[in-house]
There are 4 protein chains.
Amino acid sequence: MAGSVLGERFQISTWGESHGVSLGVVVDGCPAGISLCEADIQAFLDRRKPGETKYATPRKEGDVVTILSGVFEGKTTGTPIAMMVSNTSQKSKDYSEIAGIYRPGHADYTFDAKYGFRDYRGGGRSSGRETIGRVAAGAIAMKILGELGIRITAYTRQIGPFVCREEAMSPENIEKSPLKMPDLEKSQEAEEYLEQKMQEHDSAGGIVECIVSGMPAGVGEPVFGKLDAVLAGHLFSIGAVKGVEIGAGFAVAEKTGSENNDGFYMDAKGRVKKSTNFAGGILGGISDGDDIVIRAAFKPTPSIFQSQKTVNREGGEVEVQIKGRHDPVIVPRAVVVVEAMTALAIVDRLFVGMSARMDKIRDFYDF
Amino acid sequence: MAGSVLGERFQISTWGESHGVSLGVVVDGCPAGISLCEADIQAFLDRRKPGETKYATPRKEGDVVTILSGVFEGKTTGTPIAMMVSNTSQKSKDYSEIAGIYRPGHADYTFDAKYGFRDYRGGGRSSGRETIGRVAAGAIAMKILGELGIRITAYTRQIGPFVCREEAMSPENIEKSPLKMPDLEKSQEAEEYLEQKMQEHDSAGGIVECIVSGMPAGVGEPVFGKLDAVLAGHLFSIGAVKGVEIGAGFAVAEKTGSENNDGFYMDAKGRVKKSTNFAGGILGGISDGDDIVIRAAFKPTPSIFQSQKTVNREGGEVEVQIKGRHDPVIVPRAVVVVEAMTALAIVDRLFVGMSARMDKIRDFYDF
Amino acid sequence: MAGSVLGERFQISTWGESHGVSLGVVVDGCPAGISLCEADIQAFLDRRKPGETKYATPRKEGDVVTILSGVFEGKTTGTPIAMMVSNTSQKSKDYSEIAGIYRPGHADYTFDAKYGFRDYRGGGRSSGRETIGRVAAGAIAMKILGELGIRITAYTRQIGPFVCREEAMSPENIEKSPLKMPDLEKSQEAEEYLEQKMQEHDSAGGIVECIVSGMPAGVGEPVFGKLDAVLAGHLFSIGAVKGVEIGAGFAVAEKTGSENNDGFYMDAKGRVKKSTNFAGGILGGISDGDDIVIRAAFKPTPSIFQSQKTVNREGGEVEVQIKGRHDPVIVPRAVVVVEAMTALAIVDRLFVGMSARMDKIRDFYDF
Amino acid sequence: MAGSVLGERFQISTWGESHGVSLGVVVDGCPAGISLCEADIQAFLDRRKPGETKYATPRKEGDVVTILSGVFEGKTTGTPIAMMVSNTSQKSKDYSEIAGIYRPGHADYTFDAKYGFRDYRGGGRSSGRETIGRVAAGAIAMKILGELGIRITAYTRQIGPFVCREEAMSPENIEKSPLKMPDLEKSQEAEEYLEQKMQEHDSAGGIVECIVSGMPAGVGEPVFGKLDAVLAGHLFSIGAVKGVEIGAGFAVAEKTGSENNDGFYMDAKGRVKKSTNFAGGILGGISDGDDIVIRAAFKPTPSIFQSQKTVNREGGEVEVQIKGRHDPVIVPRAVVVVEAMTALAIVDRLFVGMSARMDKIRDFYDF
């Protein structure tokens, strides 16, 4: 792939820049026969939008999606589904004065190093608006998973030093919190922390946690196509992610085997279950039927309204004061992006795994 | 890909099981004209071997590699390089009694769920011996990088609670430490910790850190083919890895933008440099010319010599007491695997990126 | 890939149906720094349009292309280029009566067999309008090749029994002929033949020939990624193509080695040349620097205005009389599609081949 | 892919040169649970061997295959199957005098142009011995197809001017003919023709035809992943193939729509059938349930024992007289290679197509 195509059997191609005409995605490999309309997609895009909170960029975009192909009489046809969202609120002039300057923490310098020049308007292709295509495609993946009884729920686990407590988290709190934190007490503390950072013209980072429930056992390829490897690659492809962990994650470094091994038992329905889930639902790269638990660490938004030292394209050292409209914390808006990328990974692995057993193949085709 | 093929332009196919005839790899896409002999590969395989320390499995394998194709008169020809290592010290009978049992923390159950049955001898394809093919291929990738002046060094950063201190680490200590820890004082403490775990019939986890120096800026694709996303996917494909982070990693959650942004400056040679490296050498998925810093967390070896609760294939609940030869800690032997996977990712991204600019393409072909 | 994505390093995703909202393509992997505007694309789309001749469907579409991303200040940025053409002249009601019927020679039955249902309006995704995305992407590939001095010219070599004579063909005749035949006498005869077929409510087939000149030697991968294998796969992916041959093609069956081998000699500039070109510019899957000569056979348009025997979705045997707007011969309009697919194959192989030699790689990156 | 890897879900990596240590293949993506032993593979390799006829190279190789991985207790495990054949009868010194010379009709010059140097011993990687890996992998594909009731039969349709007559062909004749021609009278004539060519120190070409029966309808992706496009690409990747056609093939150029359209009818079992099969079993890139009929044209062996004009690496014009052991006609030995490549294409498309319909996916996983 050349960079903007993802997946093997459920394959997406995203396109578009922050300040271009429009952004979108083509989804190839969506099975035929799924009910799909624009409202299915819009619901996810709306969760990605800045919304009404003060913790998000004041740039207001309708982000109304149009389905251009691949759906006939309300159902997917099996052929590519193209979706598009127009840009309507570009303010490119905000960027003209940083056209020749490399903003710290941004991809300005590296794009220049790679391509020889760049679209400097709002980060161009490296903007967070690029995730529109991901979220639109992810909405279709979620629809497929929904038909199979698989549910994905992501939320903000941590902002700055404020971490949701396991015992205080409740799924219904997620949408009650402007920061998408399921522990409302910690959400309140994190809001105060953010207020302070905004006053300091600074920004904050955090962690998104994502749970996949209803997974069948046996999904994922051994060796390189491991389900966790694909999930990690997908999440690391989100701008600002600097770490990914699964199950017990980095804590395994200090655990012993006897503490970390999950014992097996048989449940009342005669299914193999684990008494704990330090593995995070994946053993040897293959789903074990338990919930998949994955976390991604997001760096603080690099666009801060403080003066910073940097250089320009001509090699001069300068001070830069970023303008424009920026989120003081990206984490709450990234929640739906994490869900989308997780859904894309799982659908692709589900489809890839369908030729693993001769008995199943024989059933599939009507021989 | 179907699971055991990796890469786009520098592509490897690994094969072989713990107790099969042999293991190996085919490397497709190695450029022509590189000096290569078996000693180049053997040096890396020898670093992967259990060695003489007591912290590794007593299974002794020569792991002698043979190059079967792709090299002529001491140079690579551009065609596939096949390499093979024979298994000589299999003791399959150690495993016969666990053939029908799902070992906790292992992939026994998930392989069965996926394929309907499994090669139970020593984990079959999910064994750590599968990494022989990775390391052999990685040795070639390291050779290519060496010709370009890129160096990769990995080491054990942490075992159990013992973390090498930044100021006490020295590259020359790595091979002095039986645990590959560059802080010899922490290595000593970790050794004592491991002794204790072995007496308790338990095992330990840890963290491997890997540094890539000499990178040019501009390597990596934006969006999905990001250099960090590919690196993370590669490292997560190593069995036992439960977390990966780059640069400041998970610590970014508690940092602010003003703390985490790396300012740019011009060095004496007129090159763009960063005054800090919290980014870990990658901005927007593309290398910035600074060192790449990446870490992977390894879980404690699941094979422990304690009685554990589990189930068998027939759905009965049983206690299992694992036998065989196992490493009390996998981390020191994983160091060279991390180097190999890192090298494979970087070579592939270097090659993929060669068509990014029209001016460079024009120079390439003799038009 | 899931069917509508093509290429490895210059990768396209096409989308859209005959009677949907619009059709388009995303091109990923286009190098940065190429001048590109909509007129570059439109010129190719205009050649694909029915035009004013009576040998083409009376359906009139403006087929005006919009570039939605990937171009900034008149130059490609290296990021995905999305292009779109709106459908404006759909007459879906022409198709409502054949919704439940399988038209002979069409993909109606096989789409139903594969997907369980189909978009019956004008063939949906299997319509010739699907080639709009290919031609738009091919126009960019042609632009890249033009910068490297590589030229691609396709034309109608044969319609029905009328074959252009080698000695009577002239490139400037191509656009003079309504059938794109460079031998105007044969073009005249073919026109009369077509008139007759149209009166008989019948259709005709033919052969498109394509010449690539200015190729460097050394492009194409050995074994599976052969340049001819990729070209053949690309051309066979055009609907209605039933055969592809290169150089001497099927005639080699009756030739001997002494007749068919092309001898080598040195030209005045000291370059290796072949005294004949039965190989068609490719030896062992790799370009030899000579012109590439390739031909594709197109079947007669299956939509004919005669009564035909067929079945319906319910399994009843029926007679069908096709309505709608159809080309009596597809060949002249396919000429630009053949050029596009050839250009896509060659650009992709050019890019893929850039990591074949260590000496070239060392030059590429500024080490 | 980098050239020697083929397929998406049933993926093979071949390796090895004519005069190297050994040759082989890794098959990744073979489903678990298929009975497989070396005799299954050997049967196909034996059909590829020169055999006892005088129409094949006198080089005698045992070509004994060893399965190195992926099979446990007589069944495939779902993990990579590595297979190897040792070279035992190399006579590299036959080639030393042509090391610096470009043989006409061979890939010597193009390999040099691409890689900067080449393995000159027996053509190295461009040798026909490279097909050993294809045939071994194809044997597994044939085994899978056999379990599904799909049969593939290839044979020599034409050698020189001698074409098997439709009405005189009988499958049981194939193995009776030293040239694998199912029309024994034409086989006899072709043998006499070959005797004459051998006396003239010349060689002959021909056509292989391949029939796939028992195909279900609905296999193949629309647009680029068409079944015919994949088949054509696979066959064109065989060295010496200069043309591929499906069904009526190149003859469609002179046919009319009313002649070429295959009418549909319902058979006694209520299945959709075609009254003719000019389509060759594929409509719109998707199988229609009828036999697939495909043909490939092979050029005459370029190695002839006559003096030929050529150039050497230093740019001097020379005469070359080829020595070594060569087939006067490659076609009969290519029959099993055509079967193998056809089987590989069909298995891959069968597997790729398994996620096309939501209803089937729901059945597949036990939700």
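Now for a look at the structure at hand. (Residues numbered from 1 in each chain as written. Chains lettered and ligands numbered in written order. Predicted model: local features only at pLDDT ≥ 70, side-chain atom pairs only at ≥ 80, totals over all residues. Heavy atoms only, no water.)

**Re the nonpolar core**
Phase 1 of the analysis: Membership of the largest hydrophobic core comes to 357 residues, with the highest contact counts inside it found for Phe10 of chain A, Phe10 of chain B, Phe10 of chain C together with Phe10 of chain D.
Phase 2 of the analysis: Those residues in contact with Phe10 of chain C, other than ones at most four positions away along the chain, are Val27, Asp28, Gly29, Cys30, Ala137, Ile140, Ala141, Ile144, Leu344, Val347, Asp348 and Phe351 of chain C. (Core = buried A, V, L, I, M, F, W, Y, C linked by side-chain atoms within 4.5 Å. Buried < 20%, exposed > 50% of the residue type's maximum accessible area, 1.4 Å probe, protein only. Contact = heavy atoms within 4.5 Å.)

**Observations regarding the relation of the copies chain B and chain A**
To go from the first copy of the chain to the second, apply a rotation about an axis and then a shift along the same axis.
Phase 1 of the analysis: Once chain B is rotated about the relating axis by 180 degrees and shifted along it by 0.0 Å, it coincides with chain A to within an RMSD of 0.0 Å. Both copies are brought into coincidence by an operation consistent with a two-fold rotation axis. Of the C-alpha atoms belonging to chain B, the one lying closest to the rotation axis is found on Gly233 of chain B, 2.2 Å away.
Phase 2 of the analysis: Mapped onto chain A, 100% of the interface residues of chain B are again interface residues, and the two copies thus contact each other with one and the same surface. (Least-squares fit on C-alpha atoms with pLDDT ≥ 70 in both.)

**Notes on the side chain of Arg333 of chain B**
Residue and element names in this part refer to chain B.
Phase 1 of the analysis: Secondary-structure assignment places Arg333 in helix α8 (residues 331-352).
Phase 2 of the analysis: Note on Arg333: relative accessible area 16%, which makes it buried.
Phase 3 of the analysis: Reaching out from Arg333, the side chain makes a polar contact with the side chain of Asp327 at a distance of 3.0 Å.
Phase 4 of the analysis: Filtering out sequence-adjacent residues up to four positions away, Arg333 remains in contact with Arg48, Lys49, Pro50, Ala56, Thr57 and Asp327. (Helix = DSSP H or I, 4+ residues; strand = E, 2+ residues; numbered from the N terminus. Polar contact = N/O pair within 3.5 Å; in protein donor to acceptor, adjacent residues only side chain to side chain.)

**Quick word on the sheet that holds strand β2 (residues 11-15) of chain B**
Residues and elements named next belong to chain B.
Phase 1 of the analysis: Taken in spatial order, the five strands of this open sheet run β1-β2-β3-β7-β4, and their pairing is antiparallel. Looking at strand neighbours, the two that pair on one side only are β1 (5-6) and β4 (65-67), the edges of this open sheet.
Phase 2 of the analysis: Bridge count for β4 against strand β7 (residues 81-86) is three bridges, and the pairing is antiparallel. For Val65, the partnering residue across the bridge sits in β7 and is Val85. (Pairing = 2+ DSSP bridges.)

**Brief notes about the interface of chain B and chain A**
Phase 1 of the analysis: Taken together, the contacts link 106 residues of chain B with 106 residues of chain A.
Phase 2 of the analysis: Three residues, Lys114, Phe224 and Lys242 of chain B, lead the burial of chain B against chain A; their summed loss comes to 11% of the area buried on that side.
Phase 3 of the analysis: Among the salt bridges present, the one from Lys114 of chain B reaches Glu221 of chain A, with a minimum N-O distance of 3.0 Å.
Phase 4 of the analysis: Linking chain B to chain A there are 39 residue pairs in polar contact (both at pLDDT 80 or more).
Phase 5 of the analysis: If you tally residues by element for the side of chain B that touches chain A, the top one is helix α3 (residues 108-115) of chain B, at seven residues. (Buried area = accessible area lost by both parts, 1.4 Å probe. Salt bridge = Lys/Arg side-chain N within 4 Å of Asp/Glu carboxyl O.)

**Brief notes about helix α8 (residues 331-352) of chain A**
Phase 1 of the analysis: The first and last C-alpha atoms of α8 of chain A sit 31 Å apart over 22 residues, in line with the 32 Å expected at 1.5 Å per residue.
Phase 2 of the analysis: Of all 22 residues in α8 of chain A, 22 are buried, a share of seventy percent or more. (Expected span 1.5 Å × (residues − 1).)

**Brief notes about the interface of chain D and chain C**
Phase 1 of the analysis: With 106 residues of chain D in contact, the opposing surface of chain C contributes 106 residues.
Phase 2 of the analysis: Among the residues of chain D in contact with chain C, Lys114, Phe224 and Lys242 of chain D are the three that bury the most area, contributing 11% of the side total.
Phase 3 of the analysis: Our enumeration of links across chain D and chain C arrives at two salt bridges.
Phase 4 of the analysis: Between chain D and chain C we count 38 residue pairs in polar contact (both at pLDDT 80 or more) in total.
Phase 5 of the analysis: Here the side of chain D that touches chain C is composed, by residue class, of 49 nonpolar, 34 polar and 23 charged.
Phase 6 of the analysis: Pairing geometry for strand β11 (residues 241-246) of chain C and strand β11 (residues 241-246) of chain D, over three bridges, is antiparallel. If you follow Glu245 of chain C over to β11 of chain D, its bridge partner there is Gly243 of chain D. (Nonpolar A, V, L, I, M, F, W, Y, C, P; charged D, E, K, R; others polar.)

**Points about the relation of the copies chain D and chain C**
Phase 1 of the analysis: Note on the identical chains: chain D maps onto chain C by a rotation of 180 degrees and an axial translation of 0.0 Å, with an RMSD of 0.0 Å.
Phase 2 of the analysis: The share of interface residues of chain D whose copies in chain C are also at the interface is 100%, consistent with both copies meeting through the same surface.

**Description of the packing of aromatic side chains**
Phase 1 of the analysis: On inspection of all chains with the given rule, the structure shows 30 aromatic pairs over all chains.
Phase 2 of the analysis: Seen from their ring centres, Phe10 of chain C and Phe351 of chain C are 6.3 Å apart, and the 80 degrees between their planes marks the pair as edge-to-face. Of this pair, Phe10 of chain C sits in the loop between β1 (5-6) and β2 (11-15) while Phe351 of chain C sits in helix α8 (residues 331-352), and the two are 341 residues apart along the sequence.
Phase 3 of the analysis: Summarising the aromatic geometry, the rings of Phe264 of chain C and Tyr102 of chain D are spaced 6.4 Å apart at their centres and angled 65 degrees between planes, so their arrangement reads as edge-to-face. Placement of the pair is Phe264 of chain C in strand β12 (residues 264-266) and Tyr102 of chain D in the loop between α2 (93-96) and α3 (108-115), with the two residues belonging to separate chains.
Phase 4 of the analysis: Among the aromatic side chains, those forming a connected cluster through ring pairs are Tyr102 and Tyr109 of chain A together with Phe264 of chain B.
Phase 5 of the analysis: Over the ring of Phe278 of chain C we find Lys255 of chain C; its NZ or CZ atom is 3.2 Å from the centre of that ring. (Phe/Tyr/Trp six-rings, centres within 6.5 Å; stacked < 30°, edge-to-face > 60°. Lys NZ or Arg CZ within 6 Å of the ring centre and 35° of its normal.)

**Let's talk about the pattern of salt bridges**
Phase 1 of the analysis: Scanning the entire structure with this criterion turns up 112 salt bridges over all chains.
Phase 2 of the analysis: The shortest N-O distance in the salt bridge between Lys274 of chain D and Asp290 of chain D comes to 3.1 Å. Pair noted here: Lys274 of chain D is in strand β13 (residues 272-274) and Asp290 of chain D is in the loop between β15 (286-287) and β16 (292-298), with a separation of 16 residues, a long-range link.
Phase 3 of the analysis: Given the relative accessible area of 8%, Lys274 of chain D is considered buried.
Phase 4 of the analysis: Classification of Asp290 of chain D by relative accessible area gives partly exposed; the value is 22%.
Phase 5 of the analysis: Within the structure, one salt-bridge network assembled from shared partners comprises Arg157, Glu166, Glu209, Glu245 and Arg295 of chain A.

**As for the sheet that holds strand β10 (residues 206-213) of chain D**
Phase 1 of the analysis: Across the sheet, which stays open at both edges, the 10 strands sit in the order β9(C)-β8(C)-β10(C)-β16(C)-β11(C)-β11(D)-β16(D)-β10(D)-β8(D)-β9(D) with antiparallel pairing between neighbours. Every interior strand has two partners, whereas the edge strands, β9 (162-163) of chain C together with β9 (162-163) of chain D, have only one.
Phase 2 of the analysis: Across seven bridges, the pairing between strand β10 (residues 206-213) of chain C and strand β16 (residues 292-298) of chain C is antiparallel. Counterpart to Cys210 of chain C in the pairing with β16 of chain C is Ile294 of chain C.
Phase 3 of the analysis: Packed onto the sheet, α8 of chain C meets β8 (151-159), β10 and β16 of chain C and runs at close to 145 degrees relative to β8 of chain C. (Axes fitted to C-alpha atoms, helices over the stretch in contact; angles between N-to-C directions.)

**A word on the pairing of β2 of chain C**
Residue and element names in this part refer to chain C.
Phase 1 of the analysis: The element β2 is extensively covered by neighbouring structure, given that five of its five residues are classed as buried.
Phase 2 of the analysis: Side chains Gln11, Ser13 and Trp15 project from β2 onto one buried face, and the interleaved Ile12 and Thr14 project onto a second face that is buried too.
Phase 3 of the analysis: In this structure, β1 lies alongside β2, joined through two bridges in antiparallel fashion. By the bridge assignment for β2, Val5 is matched with Ser13.
Phase 4 of the analysis: In sequence, β1 turns back onto β2 through a hairpin of four residues, with Gly7 there showing a positive phi of about 100 degrees.
Phase 5 of the analysis: Across five bridges, β2 lies against strand β3 (residues 22-28) in antiparallel orientation. Opposite Thr14, over in β3, you have Val25 as the bridge partner.

**Overview of the side chain of Asp28 of chain C**
Phase 1 of the analysis: With respect to the secondary-structure elements, Asp28 of chain C resides in strand β3.
Phase 2 of the analysis: For the buried residue Asp28 of chain C, which engages in no salt bridge, the nearest side chain bearing the opposite charge is Arg125 of chain A, 6.5 Å off.
Phase 3 of the analysis: A polar atom in the side chain of Asp28 of chain C sits 2.6 Å from the backbone nitrogen of Ser4 of chain A. (Lys, Arg positive; Asp, Glu negative; His and termini not counted.)

**Quick notes on the pairing of strand β3 (residues 22-28) of chain D**
The side chains of a regular strand alternate between both faces of the sheet.
All names here are of chain D.
Phase 1 of the analysis: Counted residue by residue, β3 has seven buried out of seven residues, so it is predominantly covered.
Phase 2 of the analysis: Both faces of β3 are covered, namely the face carrying Ser22, Gly24, Val26 and Asp28 and the face carrying Leu23, Val25 and Val27.
Phase 3 of the analysis: Following strand β2 (residues 11-15), the chain reverses through six residues before pairing antiparallel with β3; Gly16 in that reversal takes a positive phi of roughly 115 degrees.
Phase 4 of the analysis: Relative to strand β7 (residues 81-86), β3 runs antiparallel, the two sharing six bridges. Looking at β7, one finds that Ser22 is bridged to Ser86.

**Here we look at the environment of Ile286 of chain A**
Phase 1 of the analysis: Structurally, Ile286 of chain A is set in strand β15 (residues 286-287).
Phase 2 of the analysis: Judged by relative accessible area, which is 0%, Ile286 of chain A ranks as buried.
Phase 3 of the analysis: Once the C-alpha coordinates of Ile286 of chain A and Asp363 of chain A are considered, the two residues, 77 residues apart in sequence, prove to be 23 Å apart.
Phase 4 of the analysis: Residues contacting Ile286 of chain A, with those up to four places away along its chain left out, are Gly218, Val219, Gly220 and Gly281 of chain A together with Thr110, Phe111 and Lys114 of chain B.

Remember that the coordinates give geometry; whether it matters functionally is a separate question.
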